[in-house]
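Reading the structure
Listed below, chain by chain, are the residues.
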Amino acid sequence: MRKPFVAGNWKMNTDSRSSVELAKGVVDGSVKLAGRDVDVAVCPPFVYLQAVARAVSSSSVAVGAQDVYYGVKGAFTGEISASMLKDTGCTYALCGHSERRHVIGETDELINKKVAAAIGGGLLPILCVGELQSEREAGQTEEVVTRHIKKGLAGLSAEKASAVTVAYEPVWAIGTGLTATPEQAQEAHEFIRGLLAEIYDGRLADEIRILYGGSVKADNAADLMGRADIDGVLVGGASLKVDDFVAIIEAAA
Ligand code: PEP
């Protein structure tokens, strides 16, 4: 049985005060869910990780980074390694978020190195995959997702891959207010699980959590997470408002 997982991606938002306030709000809002079976994580900007990790330290809310670099240490100006993130209190790291693929220009090969480095450094990577609107319209959704998954997990043993959470995030639904229908999302998730079974085995495919991301809100979260292969959600905009994010956690619990 896969435990539901709700992660909030704060992107390049908040400041030193509001990041801690938001984190504390999520902790307070989650208290009443104590004992309910749901994993919760927040992913603040790098510079607020330590303060947020401190703010959630007495709770079950985990902290994730929005990115990670694959180098272990040394001359990589501006980059942050997995061990630094771990040291700062991170449990998770997003890898290959669509904004990093399509705005920053990250390739599948680079993302694969980041996934491997995250695992090597003791973090749990959340590998983000998903098609552009033009790719969906051209009937290429499965082809794109297959490439993102196969290249993103290339060279990882089943044991290492078991540390990974996949987030299916159709790019056309991220930050646009357009959400994939629960049927569209379930179809993609089922396809991804089948792919994982093909690459590894049925048992691993059954264990790996696959989150949906793309304009998730309190009012569509339950319907999405009610589908067989949707194990939780990766939330952008709605994770910046305590009440909205807590309502999504409640829907998962
Ligand atoms: C995201 O940042 O991963 C995301 C899904 O954003 P939003 O919920 O705002 O669409």
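The structure under discussion appears in the preceding block.
Described in the following lines is the structure provided in the data block. Note that the structure is a prediction, hence the values are computed from the model and not measured.

**Regarding the site of the ligand**
In the vicinity of the ligand, 14 residues are found, and the nearest of them are Lys11, Glu169, Gly175, Ser215 and Gly236. Contact between the ligand and glycine 236: an oxygen atom at 2.8 Å from a main-chain N or O atom of the residue. Protein contacts shield 96% of the accessible area of the ligand, which totals 290 Å² for the unbound molecule. Grouping the constituent residues of the shell around the ligand by class yields four nonpolar, eight polar and two charged.

**Here's the deal with helix H9 (residues 182-199)**
In this model, H9 (18 residues) spans 25 Å end to end at C-alpha, consistent with the 26 Å of a helix rising 1.5 Å per residue. On its buried face, H9 is in contact with strand S5 (124-129), helix H7 (141-152), strand S6 (165-168), helix H10 (202-207), strand S7 (210-213) and helix H11 (218-225).

**Here's the deal with the packing of aromatic side chains**
All told, the structure shown has four aromatic pairs when counted by the stated rule. Both rings, one in tyrosine 69 and one in phenylalanine 76, keep their centres 5.0 Å apart while their planes meet at 50 degrees; by these two values the pair is tilted.

**Considerations on the layout of surface pockets**
Each pocket or cavity is described by its volume, and for the largest pocket that value is around 370 Å³. Lining the largest pocket are 14 residues; nearest its centre among them are Lys11, Met12, Gln66, Asp67 and Arg100. The element that contributes the greatest number of residues to the lining of the largest pocket is helix H4 (residues 98-104), accounting for four residues. Partitioned by chemical class, the residues of the lining of the largest pocket number seven nonpolar, three polar and four charged.

**Observations regarding the sheet that holds strand S2 (residues 39-43)**
With parallel pairing, the eight strands of this closed barrel are ordered in space as S1-S2-S3-S4-S5-S6-S7-S8. This sheet shows a mean twist of 25 degrees between the axes of neighbouring strands, independent of strand direction. Sheet analysis places S7 next to strand S8 (residues 232-235), joined by two bridges and oriented parallel. Looking at S8, one finds that glycine 213 is bridged to leucine 234. Sitting on the sheet, H7 touches S5 and S6, and the angle it makes with S5 is about 155 degrees.

**Let's talk about the environment of valine 56**
Considering the arrangement of structural elements, one finds valine 56 in the loop between helix H2 (49-55) and strand S3 (62-65). Exposure remark for valine 56: the relative accessible area of 3% places this residue in the buried category. In the structure, valine 56 is positioned 92 residues away from histidine 148 in sequence and 32 Å away in space, judged by C-alpha atoms.

**Comments concerning the packing of H11 against helix H12 (residues 242-252)**
At a minimum axis separation of 9 Å, H11 and H12 run at an interaxial angle of 20 degrees. Between H11 and H12, the interaxial angle falls into the category roughly parallel. For the element pair H11 and H12, the recorded crossing hand is right-handed. Facing Ala218, Ala221, Ala222 and Met225 of H11, the residues of H12 in contact are Asp244, Ala247, Ile248, Ala251 and Ala252. Considering only residue class, the contact of H11 with H12 consists of eight nonpolar, no polar and one charged.

**Observations concerning the environment of lysine 150**
Tracing the sequence through the fold places lysine 150 in helix H7. Relative accessible area serves as the criterion here: at 43%, lysine 150 is assigned to the partly exposed category. Sequence-distant contacts of lysine 150, that is, excluding residues within four places in its chain, are made with Leu195, Glu198 and Ile199.

**Section: the pairing of S8**
Regular strands show a simple pattern: their side chains alternate between the two faces of the sheet. Burial of S8 is two-sided: the residues Gly232 and Leu234 facing one way and the residues Val233 and Val235 facing the other way are all buried. Across four bridges, the pairing between strand S1 (residues 5-9) and S8 is parallel. Following the sheet pairing, valine 6 is matched in S8 by valine 233. In this fold, the crossover linking S7 to S8 by way of H11 has right-handed handedness.

Rules used in this analysis
- Residues numbered from 1 in each chain as written.
- Predicted model: local features only at pLDDT ≥ 70, side-chain atom pairs only at ≥ 80, totals over all residues.
- Heavy atoms only, no water.
- Near = heavy atom within 4 Å.
- Polar contact = N/O pair within 3.5 Å; in protein donor to acceptor, adjacent residues only side chain to side chain.
- Areas by Shrake-Rupley, 256 points an atom, 1.4 Å probe, with all protein chains shown as cover.
- Nonpolar A, V, L, I, M, F, W, Y, C, P; charged D, E, K, R; others polar.
- Helix = DSSP H or I, 4+ residues; strand = E, 2+ residues; numbered from the N terminus.
- Expected span 1.5 Å × (residues − 1).
- Contact = heavy atoms within 4.5 Å.
- Phe/Tyr/Trp six-rings, centres within 6.5 Å; stacked < 30°, edge-to-face > 60°.
- 1 Å grid on protein atoms, 1.4 Å probe; cavity = no way out; pocket = protein on both sides within 12 Å on 5 of 7 lines; lining within 4 Å.
- Points joined across faces, edges and corners; volume = space filled by probe spheres on them.
- Pairing = 2+ DSSP bridges.
- Axes fitted to C-alpha atoms, helices over the stretch in contact; angles between N-to-C directions.
- Buried < 20%, exposed > 50% of the residue type's maximum accessible area, 1.4 Å probe, protein only.
- Parallel < 35°, antiparallel > 145°, perpendicular 65-115°, else oblique.
- Left-handed = near helix turned anticlockwise from the far one by under 90°.
- Right-handed = clockwise from strand over helix to strand, strands pointing away.

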